[in-house]
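Chain by chain, the residues:
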Amino acid sequence: EREGEEEEGEDEEEGEGEDEDEDEEMEEAADEEEGVEEAKAETKSGEGAAAPASATINKAKQSKSGLEAYAHLPLVTHPYAARVLKKLVQEHPLFSEELLEQMSGSLKQWACDGAGWLVLALLESERSGATAMAELAGDAAAIRQSGAVGCRSLADALEARSAEAVAATPSKPKRARK
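Just so it is clear, the model here is predicted, and its values are computed rather than measured.

Things to note about the pattern of salt bridges
For step 1, the next point in the chain: In this structure the tally under the stated criterion is four salt bridges.
For step 2, the next point in the chain: Note that Asp156 is salt-bridged to Arg144, the shortest N-O span being 2.6 Å. Of this pair, Asp156 sits in helix H10 (residues 151-168) while Arg144 sits in helix H9 (residues 140-146), and the two are 12 residues apart along the sequence.
For step 3, the next point in the chain: According to the relative accessible area criterion, Arg144 is partly exposed, its value standing at 31%.
For step 4, the next point in the chain: Salt-bridge contacts for Arg144 lead to Glu159; the nearest nitrogen and oxygen are separated by 2.9 Å.

Thoughts on the packing of helix H5 (residues 79-91) against helix H6 (residues 93-103)
For step 1, the next point in the chain: Packing of H5 against H6 brings their axes to within 5 Å, and their N-to-C directions diverge by 125°. One finds that H5 runs oblique with respect to H6. For the pair H5 and H6, the contacting residues are Leu85, Leu88, Val89 and Glu91 in the first and Pro93, Phe95, Ser96 and Leu99 in the second.
For step 2, the next point in the chain: Of the residues in the contact of H5 with H6, the class split is six nonpolar, one polar and one charged.

Overview of H6
Along an α-helix, residues three or four positions apart point the same way, because every turn accommodates 3.6 residues.
For step 1, the next point in the chain: Within the span of H6, buried status applies to Ser96, Leu99, Leu100 and Met103. Within H6, the buried residues cover an arc of 105° as seen down the axis, which keeps them to one side. Of the exposed residues in H6, those oriented more than 90 degrees away from the buried face are Leu94, Glu101 and Gln102.
For step 2, the next point in the chain: Those residues of H6 that are buried lie in contact with H5, helix H7 (107-124) and helix H8 (129-136).
For step 3, the next point in the chain: Positive backbone phi, approximately 95°, marks Gly105, located one or two places after H6.

Remarks on the packing of H7 against H10
Relative placement of two packed helices is described by the angle separating their axes and the distance separating the axes.
For step 1, the next point in the chain: One can describe the packing of H7 onto H10 by two numbers: an axis separation of 8 Å at closest approach and a directional angle of 40°. On the basis of the axis angle, H7 is oblique to H10. Between H7 and H10 lies a crossing of left-handed hand. Contact with H7, carried on its side by Ala111, Cys112, Gly116, Trp117, Val119, Leu120, Leu123 and Glu124, involves Cys151, Ser153, Leu154, Ala157, Leu158 and Arg161 of H10 and no other residues of that element.
For step 2, the next point in the chain: Of the residues contributing to the contact of H7 with H10, the split by class is 10 nonpolar, two polar and two charged.

Notes on the environment of Arg144
For step 1, the next point in the chain: Sequence separation between Arg144 and Ala155 is 11 residues, and the spatial gap between their C-alpha atoms is 5.5 Å.
For step 2, the next point in the chain: Not counting residues within four places of it along the chain, the set of residues in contact with Arg144 comprises Cys151, Arg152, Ala155, Asp156 and Glu159.
For step 3, the next point in the chain: Separated by 2.6 Å, the side chains of Arg144 and Asp156 make a polar contact.

Focus on the confidence of the model for the chain
For step 1, the next point in the chain: Of all residues in the chain, 56% attain a pLDDT of 70 or more, and the chain-wide mean is 74.
For step 2, the next point in the chain: Model confidence for the chain, summarised as mean pLDDT per element, is weakest for helix H2 (residues 47-50) at 44 and strongest for H8 at 94.
For step 3, the next point in the chain: Contacts for the low-pLDDT stretch residues 43-50, under 50 throughout, to residues beyond four places or in other chains number seven contacts.

Parameters and conventions
- Residues numbered from 1 in each chain as written.
- Predicted model: local features only at pLDDT ≥ 70, side-chain atom pairs only at ≥ 80, totals over all residues.
- Heavy atoms only, no water.
- Salt bridge = Lys/Arg side-chain N within 4 Å of Asp/Glu carboxyl O.
- Helix = DSSP H or I, 4+ residues; strand = E, 2+ residues; numbered from the N terminus.
- Buried < 20%, exposed > 50% of the residue type's maximum accessible area, 1.4 Å probe, protein only.
- Axes fitted to C-alpha atoms, helices over the stretch in contact; angles between N-to-C directions.
- Parallel < 35°, antiparallel > 145°, perpendicular 65-115°, else oblique.
- Contact = heavy atoms within 4.5 Å.
- Nonpolar A, V, L, I, M, F, W, Y, C, P; charged D, E, K, R; others polar.
- Arc of directions from axis to C-beta.
- Left-handed = near helix turned anticlockwise from the far one by under 90°.
- Polar contact = N/O pair within 3.5 Å; in protein donor to acceptor, adjacent residues only side chain to side chain.
- pLDDT = per-residue confidence, 0-100.

Dropping the structure here:
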């Protein structure tokens, strides 16, 4: 009988330790929720609206709750969703056309807000590359200066394509003057 009582006593002590772990987890979750709510409040109040989404992303990375802090972001700037979209653009040319149609007119803004790698994938796609290049022509310097994720590589690709286009354009032969 005493052995059974000792085992019950040990079980009770172990249970107390579990309660402490649960309390710590609850405190951590509350801290994480506060960080998420602060980021959302800044975005809604206008403080975060002037700053690009990349600033919100950087702030979220510093908080304990990175995944929850990204929940309010558009999919094209969400760190994980953007990777999936990029892969879809690379693997399925028809998808790149459809996505470009949705993002068209604001590719530069999307790139500067954190979707640089996705815009680069659209630029490199056979089906959407020419349209993306036409929209982004002349924006390489501004995109490079944004400092957002993928923008340096996007600017390099834009500059390389511009140089290729200039080199591929045949020059007109000079006419002899009479």
